[in-house]
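One-letter residues, chain by chain:
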Amino acid sequence: MERAAILSRLIAVSTAGPRRDRVRRLGTLCREVLGADGASITVDSSTANRVTLAATDPMAARLEDLQDVLGEGPCREAYDVSQPVATRVDDDVDPRWPEFSRSALAAVGPLTIRCFPIHPAGRPVGVLSSYVSDGRTLDENQSIAQFLADALGVALLREPPTGDRPDFLDPWSAQSIVHLATGMVADQLEVTTDDALALLRARAYATDRPLTTVADYVVARRLHFDS
Amino acid sequence: MPETLPAFAFADFAIRLENLSSTAQVVEALQDAAPLLLGCGHVSLLLYRDRQLQVAGGTDESLTAATGAQLELGEGPALLVAQGAAEVACPDLRTEHQWPRWAPYAAGLGWRSWLCLRLARRERRCLGVLTVGSRGIEQFQGELAGRAHVLAAHLAVAIDTTQMQENMMRAQDAQMRVGQAVGVLMERYQLDADQAFSVLRRYSQDRQMKLRDVAAELLTTRRLPDVE
């Protein structure tokens, strides 16, 4: 797709429709432009605070969640090095993120993941990730995909997060439940919030559940971390 | 007057600005590049922070002081620019009568020619003011003014983008802190999320602190507001 056509579609999506729905539709647009089977958009401001703004399907969501839980994977790498990153999830474990390789294969089966840093102004603000089922490739080449990611970044930066109050229906607040649970666990065990988050991640990993599910249990007071 | 327009220097500057991620870095890049780009004079920068114009930096202490004095005295060319003028030029501050307190002060520091340019981008929102000053009279006409405008245009783009990025990071960080602090209150007092949020908000109102600052303090000290 031509760059101008990508821009005009991005503008069409980011200026129309209800605000809460926009990021989700941006995710769908990216999946279509890339010709991927699924896509996701994450924003990052610190390691404790990665937020998946949009995932087009449960598999894309699961791939992001695994990286939240494990603290490793192609999306995190693309953010850290500010370069596109690609990996195949199959029987050959990728030595860059062995745990993610194994867990992703078990969770979603063989596929190819490609991640593009969203860096409209230099330093990345997040990552556009996509996957295709095994054997297929993306429709677009790397330079167009990277252009899409950066243009998406401009649209996201113009879509500022809401106020301080957690709004559970707002995609920008998708991690709110994790923040609440982190505070609760920090108080239960009298540990730092960093340690509390690490414990939540470990629990999610050990029980093979999404981080937000474990957080839900804590907030619903069905899971306590007191000794 | 400097020789040819340093087109390559501008290109280098634009490329360098592309890769910066904080306003502080943009100011630093301006300080490094301005002498080469303009060929003479010095620059200073005023930027909005918390909706107030503040001195962000400059290539010369005395020029920066003269720039900042406008904010204290409440008069000067930068304030006209902040109110909507695209540029204000003074060929000689010693004969300038528009600002009876500020102009003599700046002239007393040795500044004669003065040029203020508005840094603006989307919807013409003013991001700040770029000032070019010289100790000679009538310096900023013709080519040099043109260079200053190019410099201002590059700066505006860089500052706009980095500020949006900084705002997004700050908002994300605030949301995390507030969420975690609400979690601490929920656990400590066995409240639901809405009740705990109300407690935090009341505490922030009583102490006249921003919600995000109250949350950060609570997370560090773990001392909690009293709950009736």
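Residues numbered from 1 in each chain as written. Chains lettered and ligands numbered in written order. Predicted model: local features only at pLDDT ≥ 70, side-chain atom pairs only at ≥ 80, totals over all residues. Heavy atoms only, no water.

## Describing the overall build of chain A
Working step 1: Within chain A, the regular secondary structure consists of nine helices and five strands.
Working step 2: Since a compact globule built from 227 residues should have a radius of gyration of about 17 Å, the 17 Å found for chain A is in line with a globular shape.
Working step 3: Overall, chain A is about 60 × 45 × 30 Å in size when its C-alpha atoms are taken along their principal axes.
Working step 4: When the 227 residues of chain A are sorted by exposure, 56% land in the buried category.
Working step 5: Separation of charge centres in chain A, based on 24 positive and 32 negative side chains, amounts to 5 Å. (Helix = DSSP H or I, 4+ residues; strand = E, 2+ residues; numbered from the N terminus. Rg over C-alpha atoms; globule rule 2.2 N^0.38 Å. Buried < 20%, exposed > 50% of the residue type's maximum accessible area, 1.4 Å probe, protein only. Lys, Arg positive; Asp, Glu negative; His and termini not counted. Charge placed at Lys NZ, Arg CZ, Asp CG, Glu CD.)

## Quick word on the overall build of chain B
Working step 1: Assigned secondary structure in chain B consists of eight helices and five strands.
Working step 2: Of the regular secondary structure in chain B, the N- to C-terminal order runs α-α-β-β-α-α-β-α-β-β-α-α-α.
Working step 3: Relative to the globule expectation of 17 Å for 228 residues, the C-alpha radius of gyration of chain B, 23 Å, shows a markedly less compact shape.
Working step 4: The buried share among the 228 residues of chain B stands at 51%.
Working step 5: Put simply, of all contacts in chain B between residues at least 6 apart along the chain, 60% involve residues at least 24 apart.
Working step 6: Summed over its atoms, the accessible surface of chain B is roughly 11000 Å², and 48% of this surface lies on carbon and sulfur atoms.
Working step 7: Treating the 23 positive side-chain charges of chain B as one cloud and the 27 negative ones as another, the clouds have centres 4 Å apart. (Contact = heavy atoms within 4.5 Å. Areas by Shrake-Rupley, 256 points an atom, 1.4 Å probe, with all protein chains shown as cover.)

## Side note on the packing of helix 2 (residues 23–38) of chain B against helix 6 (residues 143–189) of chain B
Residues and elements named next belong to chain B.
Working step 1: With their axes 10 Å apart at the nearest point, helix 2 and helix 6 run at an angle of 170° to one another. As far as their axial angle goes, helix 6 and helix 2 are roughly antiparallel. Where helix 2 crosses over helix 6, the two elements pack in a sense that is right-handed. Together, T23, V26, L30, L37 and L38 of helix 2 and L144, R147, A148, L151, L155, A158, I159, T162, Q163 and E166 of helix 6 make up the contact between the two elements.
Working step 2: Residue classes in the contact of helix 2 with helix 6 are distributed as ten nonpolar, three polar and two charged. (Axes fitted to C-alpha atoms, helices over the stretch in contact; angles between N-to-C directions. Parallel < 35°, antiparallel > 145°, perpendicular 65-115°, else oblique. Left-handed = near helix turned anticlockwise from the far one by under 90°. Nonpolar A, V, L, I, M, F, W, Y, C, P; charged D, E, K, R; others polar.)

## Some remarks on the interface of chain A and chain B
Working step 1: Contacts between chain A and chain B engage 35 residues on the former and 36 residues on the latter.
Working step 2: At the boundary of chain A with chain B, total buried surface from both sides reaches about 3200 Å², with 55% on carbon and sulfur atoms.
Working step 3: Taking the shortest distance from any N to any O, the salt bridge between R221 of chain A and E187 of chain B comes out at 4.0 Å.
Working step 4: Linking chain A with chain B are seven residue pairs in polar contact (both at pLDDT 80 or more).
Working step 5: Among the elements that make up the side of chain A that touches chain B, the one with the highest residue count is helix 7 (residues 176–189) of chain A (eight residues).
Working step 6: For the side of chain A that touches chain B, the class distribution of residues is 15 nonpolar, 13 polar and seven charged. (Buried area = accessible area lost by both parts, 1.4 Å probe. Salt bridge = Lys/Arg side-chain N within 4 Å of Asp/Glu carboxyl O. Polar contact = N/O pair within 3.5 Å; in protein donor to acceptor, adjacent residues only side chain to side chain.)

## Considerations on the pattern of salt bridges
Side chains that differ in charge, positive against negative, can pair when their charged atoms come close.
All names here are of chain A.
Working step 1: Per the stated rule, a full pass over the model turns up 17 salt bridges over all chains.
Working step 2: Measuring nitrogen to oxygen at the nearest pair gives 2.9 Å for the salt bridge that ties R24 to D21. A residue pair is termed a helical-turn pair when its members lie 3 or 4 positions apart in one helix, as R24 and D21 do in helix 2 (residues 19–34) at three residues.
Working step 3: Taking the relative accessible area as the measure of exposure, R24 reaches 44% and is therefore partly exposed.
Working step 4: Taken together, the shared-partner salt bridges in this structure form one network comprising D21, R24 and R25.

## Overview of the packing of aromatic side chains
Working step 1: What the rule picks out here adds up to two aromatic pairs over all chains.
Working step 2: Ring geometry for W99 of chain B versus W102 of chain B: centroids 6.0 Å apart, planes at 80°, classification edge-to-face.
Working step 3: Judged by relative accessible area, which is 5%, W99 of chain B ranks as buried.
Working step 4: Their ring planes at 75° and their centres at 4.9 Å tell us that W102 of chain B and W114 of chain B sit as a pair that is edge-to-face. With W102 of chain B in helix 5 (residues 102–108) and W114 of chain B in strand 4 (residues 113–120), the pair connects residues that are twelve residues apart, well separated along the chain.
Working step 5: The buried category is assigned to W102 of chain B, whose relative accessible area is 0%.
Working step 6: Three or more aromatic residues link up through ring pairs in this structure, and these residues are W99, W102 and W114 of chain B.
Working step 7: The aromatic ring of F147 of chain A is capped on one face by R3 of chain A, whose charged end is 5.0 Å from the ring centroid.
Working step 8: For R135 of chain B, the ring lying beneath its charged end belongs to W111 of chain B, and the centroid distance is 4.2 Å. (Phe/Tyr/Trp six-rings, centres within 6.5 Å; stacked < 30°, edge-to-face > 60°. Lys NZ or Arg CZ within 6 Å of the ring centre and 35° of its normal.)

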